[in-house]
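Architecture at a glance
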Amino acid sequence: MLSYILRRVLYAVPIALAVSLLCFLLVHIAPGDPVNAIVPADAPQAVVDQIRAEYGLDKPLPVQFGLWLLKVVQGDLGRSLATGRAVTDDLFVAVQNTLRLSLIAAAIGFAAGTLLGAIAGAFRGSWIDRVAVGLAAAGVSVPHYWLGMVLVIIFSVTVNVLPAMGAGPGGSGDWAWNWEHMRHLVLPAVTLSVIPMGIVTRTVRGIVAEILNQDFVNTLRGKGLRRGGILLHVAKNAAPGTLAIMGLQLGYLMGGSILVETVFSWPGTGFLLNSAIFQRDIPVLQGTILVLALFFVSLNLLVDLMQTALDPRIKRA
Amino acid sequence: MPHDPGANPLVEVRGLNVRFVSRDATVKAVNGVDFTLAQNESLCILGESGSGKSVTLRALMRLNPPKKTVMEGAVRVGGHDIVAAPEKAMADIRGRVVSMVFQEPMTALDPVFTIGKQIAETIIRHEGVSRAEADRRALGLLELVQIPSAKRRLAAYPHELSGGLRQRAMIAIALSCRPKLLLADEPTTALDATVQIQILLLLRRLQQELGMGVIFVTHDLGVAGEIADRVAVMYAGRFIEEGPVAALMRGPLHPYARGLMGATVHAGMRGTRLTTIPGAPPDLSRPVQGCAFAPRCPQAGEDCLPAMPELRSPAPGRNVRCIRVDEAA
Ligand SMILES: Nc1ncnc2c1ncn2[C@@H]1O[C@H](COP(=O)(O)OP(=O)(O)OP(=O)(O)O)[C@@H](O)[C@H]1O
Ligand SMILES: [Mg+2]
């Protein structure tokens, strides 16, 4: 098992490299000269050239990539063009905020989705199944920004019980696990949770219904097992497939929170990305995308490993 | 009843009817089955595909899909009323009083639980013993069904065993709480010929050693001859003939039973021609008038059609539903 884990981790290295290259190129292929974002439009050509050289933007692309990668592996993602601060400093705070938001959203979405999906799968065709399928469809099709604004209108404007913006009182960036801060999490987390809720509901429903159709469930009934005993078997059979979809969804949550973070001014990676895009802040853009992509890669690796551990039929060779 | 199962039969079935009701059709799978089985007796059910053998077997432990099944008649197993028992009581009966070996050991076992766990959970469920005690019993059961290196096999998953070993494990699960009645639905159909014989010999030995009643379904007359005391031939959801194995196989009385024996290869018939029964069994979602076999029967006449033939007993211990067979020959 240990050598298997090691091998899977090694397989992830070329993927990570390819991802880095893609991140690097993505920004350079996009139209617009990043230098224009930092210097005034009427600056003399000499100044523009000097800044270009300072940031290494005058060198050929492969060299730029090599230099960039060399720094990246040392944990240096460069400095923001807009603020001059180290990208890693801002990113560190933003990643924490995004993690907090997406983990809470995942917890809500996964718990509700698993429960709904399991019930729907067990009582396929009943009214409860139809309700669950309807909720799932609504969850995946409602646009984030629309739902976010509706929630704000209801809970922040009309009833005024929950804050509409920021991650803490007075727009502070320091997080603490107290009610004053957690209040700020509720609306964005709920908004973010509806898509994974819908997708997990659908998936778990399908998996559970398929398992209950298998012959061995009849054997279990024939042995005299009651509902609880059978549920244990269904759960263990459903775990690998459910886990896979959850891992994927968690990855999407991390990257996909950009709209929600913008709607709620949540100081996470999505928010950071959004402002970096508008300011053509290439180092911030590259660093953020890279971190999100690498997170996605490691998440997939983790899910693969967990699936292997859970399903005896998957060969570890 | 000519067949005398003694004062205290293990299984008593009277007028069993099983229907499957769905939106588009009602399938009448079992249409009036009567029989009794003594303690320690073994009965083999023969019949074409779709004649209702599996449904009858599952009815004995009320294992047909609960939502769409309508079950009527009287079924008593080991003194328990199977038709009327509440679901909770049924769960106590299943696995403890009556258990079943299924046809496909690959799909009938949970792929993500070890063999040992699947045996042990049954024992824990019914006898409330500790995990350690259940594991110890599971090991004993694997030895009982002659699985080599049993200890190692406790930790094996179903896909790690051969078909024959899987079926032995299935039998171990079925026997784990010493049921009085063992049901086996084509227990060897999915296996190689050589493995089939081993499993059958095992079943026969276990029946004698543990003293159980056994009802099994097979398409193989040789199998039936080997381990059955009595044989029942099923057609369109009824037992159309039933009797002691030797007498019935030597001289089947019902035209369908004769056809079935003629259509199957078995020992001592070298040189005779294999025959087939022309036509197809009736559609069970339509009502049948009179003898269900009449449309395919070489001896059928007008007199076969008005009503289903009553049970006749032409010889002690033998029953047949055919008006062409003379009572008490
Ligand atoms: N769950 C079910 N729902 C609807 N119809 C069913 C169900 N189970 C069995 N039947 C129908 O009942 C009839 C008898 O089926 P059964 O499985 O008992 O046949 P069988 O004698 O065991 O045949 P085989 O030799 O192929 O196993 C068939 O027409 C079958 O289609
Ligand atoms: Mg069958």
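Per an unreviewed UniProt entry, chain B is named Dipeptide ABC transporter ATP-binding protein DppD, and its organism is Teichococcus aestuarii. Check the Sequence similarities (unreviewed entry) section of the UniProt entry for chain B; it says "Belongs to the ABC transporter superfamily." What UniProt states about chain B under its Subcellular location (unreviewed entry) heading is, verbatim, "Cell inner membrane".

The name given to chain A in an unreviewed UniProt entry is ABC transporter permease, with the source organism recorded as Teichococcus aestuarii. On record in UniProt, under Subcellular location (unreviewed entry), the comment for chain A is "Cell membrane". What UniProt records for chain A under Sequence similarities (unreviewed entry) is the sentence "Belongs to the binding-protein-dependent transport system permease family."

For chain B, the count of helices and strands is eleven helices and twelve strands. Over its C-alpha atoms chain B spans a radius of gyration of 20 Å, differing by no more than 12% from the 20 Å that the globule rule assigns to 329 residues. Going through the 329 residues of chain B one by one, you find that 54% of them count as buried. In chain B, 63% of the contacts between residues at least 6 apart in sequence involve partners at least 24 apart.

To summarise the sheet geometry, strands pair through backbone hydrogen bonds and adopt either a parallel or an antiparallel arrangement. All names here are of chain B. The strand order across the open sheet built from eight strands is E6-E7-E8-E3-E9-E10-E12-E11, with neighbouring strands paired in mixed fashion. Pairing within the sheet leaves two strands with one partner each, and these edge strands are strand E6 (98–101) and strand E11 (312–315). Averaged over all adjacent pairs, the angle separating strand axes in this sheet is 20 degrees, with direction ignored. Alignment of strand E3 (residues 42–47) against strand E9 (residues 230–235), held across five bridges, turns out to be parallel. What sits directly across from Leu 43, in E9, is Arg 230. Where helix H11 (residues 255–262) meets the sheet, it contacts E3, E9 and strand E10 (238–244), and its direction lies at approximately 105 degrees from that of E9.

So, on to the pattern of salt bridges. It is possible for side chains bearing opposite charge to pair when their charged atoms get close. Per the counting criterion, the structure on display carries 21 salt bridges over all chains. The closest approach of N and O atoms between Arg 131 of chain B and Asp 135 of chain B, which form a salt bridge, is 3.3 Å. Here Arg 131 of chain B and its partner Asp 135 of chain B are both found in helix H5 (residues 131–144), four residues apart, which amounts to about one turn of the helix. Note that Arg 318 of chain B is salt-bridged to Glu 241 of chain B, the shortest N-O span being 2.9 Å. One end of the pair, Arg 318 of chain B, is in strand E12 (residues 318–320); the other, Glu 241 of chain B, is in strand E10, and 77 residues separate them in sequence. Connected through salt bridges with shared partners, the residues Arg 226 of chain A together with Asp 92 and Arg 125 of chain B form a single ionic network.

Below, the discussion takes up the UniProt feature "domain: ABC transporter" (unreviewed entry) in chain B. Mapped onto the present numbering, the UniProt feature "domain: ABC transporter" (unreviewed entry) falls on residues 13–261 of chain B. The span residues 13–261 of chain B shows a helical share of 41% and a strand share of 26%, and its end C-alpha atoms are spaced 26 Å apart.

All names here are of chain B. Taking 1.5 Å as the rise per residue, H5 with 14 residues should run 20 Å; its terminal C-alpha atoms sit 20 Å apart, in good agreement. Every buried residue of H5 is accounted for by Ala 134, Ala 138, Leu 139, Leu 141, Leu 142 and Leu 144. Buried residues along H5 sit against helix H4 (115–127), helix H6 (150–154), helix H7 (163–175) and helix H8 (193–210). The positive-phi residue at the C-terminal boundary of H5 is Gln 146, with phi of around 60 degrees.

The next point concerns the site of ligand 1. All names here are of chain B. Residues in contact with ligand 1 amount to 16 residues; listed here are only the nearest, Ser 49, Gly 50, Lys 53, Ser 54 and Val 55. Take Val 55: an N or O atom from its main chain is 2.9 Å from an oxygen atom of ligand 1. In terms of residue count, the dominant contributor to the shell around ligand 1 is helix H1 (residues 53–59) (four residues). Here the shell around ligand 1 is built from residues that sort into five nonpolar, six polar and five charged.

Residues and elements named next belong to chain B. Taken across its six residues, E9 has six buried, putting it largely inside the fold. Neither face of E9 is exposed, since Arg 230, Ala 232 and Met 234 on one face and Val 231, Val 233 and Tyr 235 on the opposite face are all buried. Summarising the sheet, E9 and E10 pair through six bridges and their orientation is antiparallel. Each bridged residue has a counterpart across the sheet, and for Val 233 the counterpart in E10 is Glu 241. Count of turn residues in the E9/E10 antiparallel hairpin: two residues, of which Ala 236 carries a positive phi of about 50 degrees.

Let's shift gears to the sheet that holds strand E4 (residues 69–77) of chain B. All names here are of chain B. Reading across the sheet, the four strands line up as E2-E1-E4-E5 and stay open at both edges, with antiparallel pairing between neighbours. Each edge of the sheet is formed by a strand with only one pairing partner; in this case those strands are strand E2 (26–37) and strand E5 (80–81). With two bridges joining them, E4 and E5 adopt antiparallel strand pairing. In the strand pairing of E5, Val 77 is matched with His 80.

Take the UniProt feature "transmembrane region" (unreviewed entry) in chain A next. Residue and element names in this part refer to chain A. As annotated in UniProt, the feature "transmembrane region" (unreviewed entry) corresponds to residues 9–30, 101–123, 144–165, 185–204, 243–264 and 284–306 in the numbering used here. Along residues 144–165 the backbone is 68% helical and 0% strand, and the end-to-end C-alpha distance reaches 15 Å. Structurally, residues 284–306 is divided into 100% helix and 0% strand, and its ends, taken at the C-alpha atoms, are 33 Å apart.

Within the fold, Phe 65 of chain A resides in helix H4 (residues 61–73). C-alpha of Phe 65 of chain A to C-alpha of Phe 24 of chain A: the two residues are 41 residues apart in sequence and 6.8 Å apart in space.

On to the environment of Ala 276 of chain A. Residues and elements named next belong to chain A. Within the secondary structure layout, Ala 276 lies in helix H12 (residues 269–279). We classify Ala 276 as buried; its relative accessible area is 2%. For the pair formed by Ala 276 and Ile 245, sequence separation is 31 residues and the distance between their alpha carbons is 30 Å. In contact with Ala 276, not counting residues within four places along its chain, are Asp 281, Val 284 and Leu 285.

Rules behind the numbers
Residues numbered from 1 in each chain as written. Chains lettered and ligands numbered in written order. Predicted model: local features only at pLDDT ≥ 70, side-chain atom pairs only at ≥ 80, totals over all residues. Heavy atoms only, no water. UniProt positions renumbered as here; feature names shortened; annotations may be inferred. Helix = DSSP H or I, 4+ residues; strand = E, 2+ residues; numbered from the N terminus. Rg over C-alpha atoms; globule rule 2.2 N^0.38 Å. Buried < 20%, exposed > 50% of the residue type's maximum accessible area, 1.4 Å probe, protein only. Contact = heavy atoms within 4.5 Å. Pairing = 2+ DSSP bridges. Axes fitted to C-alpha atoms, helices over the stretch in contact; angles between N-to-C directions. Salt bridge = Lys/Arg side-chain N within 4 Å of Asp/Glu carboxyl O. Expected span 1.5 Å × (residues − 1). Near = heavy atom within 4 Å. Polar contact = N/O pair within 3.5 Å; in protein donor to acceptor, adjacent residues only side chain to side chain. Nonpolar A, V, L, I, M, F, W, Y, C, P; charged D, E, K, R; others polar.

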